[in-house]
Amino acid sequence: RVPRERARGRRNPARRAAGNVLINVGWNAAFAFLPLIVQAMGVERNLALWVGAMMFGYYGTSCVFTPVWGVLADYYGRKSMVLRAGFGMALGFGVLATVSDPLAFLCVLVLVGLANGFVPAGQALVATSTPQSRIGGALSLTQAGAATGTLLGPLAGAALIGILPNEHSLFAFTAALMLAASVLAFVYVREDHVRPAHPLRIDLLADIGRLARVPELKLLYYLQVLFSFTVFGAMPIVSLY
C-alpha cells in the first residue's frame, strides 16, 4: 500500500498540472475576447457594462456555491468535485457556443458559474493524496500548470479567432479542452477517499465562524480578494482597448 501511495503522490500532481493547463488555456482563450464575442451578438451600447455583468454573474454564482462544494468534497471526495467542475463546465461552455442572444448568454453564464472550481478542487485533492514530505512541490507543480494555461490562453485565442468561423467558436474550443481535462482526471487521477461516519451536514455559517477565528486564514483571504480584484477584474475587458 505504501508504494502505491507514493506512486499516486507522484502521478496525481503531474496529471492535475496537465489538466490545469488545458482548463486555463480554454478558459482564457475565450474570456480574453469576451467583449468581441458580446459585440458580435449585436451589443453596441454599454458594452463594458454587459461584459462586467456577465463576469459578475459567473463569479457571483461561483462564490455563493463554492462553500457548498467544499462541504460535499469533504464527504464524497475531492475527485468527485474535480469531475463535477470539469464535465459541468465542458457542458456549459458547449451550450454557450450556441447562444447568440446577449441576455440568454448572460443567464447561461450565471448557471455555468455553478460548475466553476476545477483548479481549486484539484489542489485540494493533491493536498490530501500526496505524502506530507512532497506536498509543497506537488502543489507548486499543479499551480505552475494553471499559470501556464493562463499565460497561453490569450495567445491561443488570438491565433484561433481569425481562423474559426466566428468568435463564438472560441467557446466550443474551450468546451473541448475542458472535456479533455475532465476525461484525463476521470481516467488517471486516483483518490482513496473514506466517507466520514457522520451524516452529511451543511452548516456554512458555523464553518465560516470557525475559519474566521484563524488569523492566518483572514490574511490569506484578503490577499486572494485583492489578487482576484486586480487580475480577473481587468482581464475580460482588456481587449476593448
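Each chain has its residues counted from 1, running along the sequence as written. At least 70 in pLDDT is required for a residue's local features to be given in this predicted model, at least 80 for side-chain atom pairs to be given and counted, and no such filter applies to totals for whole chains, interfaces and linings, which use all residues. Note that the side-chain values use all heavy atoms of the structure and ignore hydrogens as well as water.

**Q** What am I meant to see in the overall build of the protein chain here?
**A** Secondary structure follows DSSP: runs of H or I at least 4 residues long count as helices, runs of E at least 2 residues long count as strands, and numbering of each begins at the N terminus. Across its full length, the protein chain carries 10 helices and 0 strands. The linear arrangement of helices and strands in the protein chain, starting from the amino end, is α-α-α-α-α-α-α-α-α-α. Each principal axis of the C-alpha distribution contributes one length, and for the protein chain these read about 60 × 35 × 30 Å. Out of the 241 residues in the protein chain, the part that is buried amounts to 40%. Restricting the contact set of the protein chain to residue pairs at least 6 apart, pairs at least 24 apart contribute 84%. In this tally Asp and Glu are treated as negative and Lys and Arg as positive; neither His nor the chain ends contributes. Lys charges are placed at NZ, Arg charges at CZ, Asp charges at CG and Glu charges at CD. When the 19 basic and 10 acidic side-chain charges of the protein chain are each reduced to a single mean position, those positions are 12 Å apart. When a residue's accessible area, from a 1.4 Å probe over protein chains only, is under 20% of the maximum for its type it is buried; when over 50% it is exposed; and in between it is partly exposed. The contact definition used throughout considers only heavy atoms, calling two residues in contact when any of these lie within 4.5 Å.

**Q** Would you mind showing me how to read the packing of aromatic side chains here?
**A** Ring pairs (aromatic) are described by centroid distance and by the angle formed between their planes. Two aromatic rings from Phe, Tyr or Trp, using only the six-membered ring of Trp, form a pair when their centres are within 6.5 Å; if the ring planes differ by under 30 degrees the pair is stacked, by over 60 it is edge-to-face, and anything between is tilted. Scanning the model with the defined rule gives 12 aromatic pairs in all. Residues F31 and Y58 carry aromatic rings whose centres are separated by 5.8 Å and whose planes lie at 40° to one another, so their mutual orientation is tilted. With F31 in helix α1 (residues 2-31) and Y58 in helix α3 (residues 47-76), this residue pair connects regions lying 27 residues apart in the sequence. As far as the burial class goes, F31 and Y58 line up, both buried. An aromatic cluster of at least three residues, connected via ring pairs, comprises W27, F31, Y58, Y59, F93, F105 and F171. Charges are assigned to positions over rings by a cutoff of 6 Å between ring centre and Lys NZ or Arg CZ, combined with an angular limit of 35 degrees from the ring normal. Geometry around W69 places R84 over its ring, the cationic atom sitting 4.2 Å from the centre.

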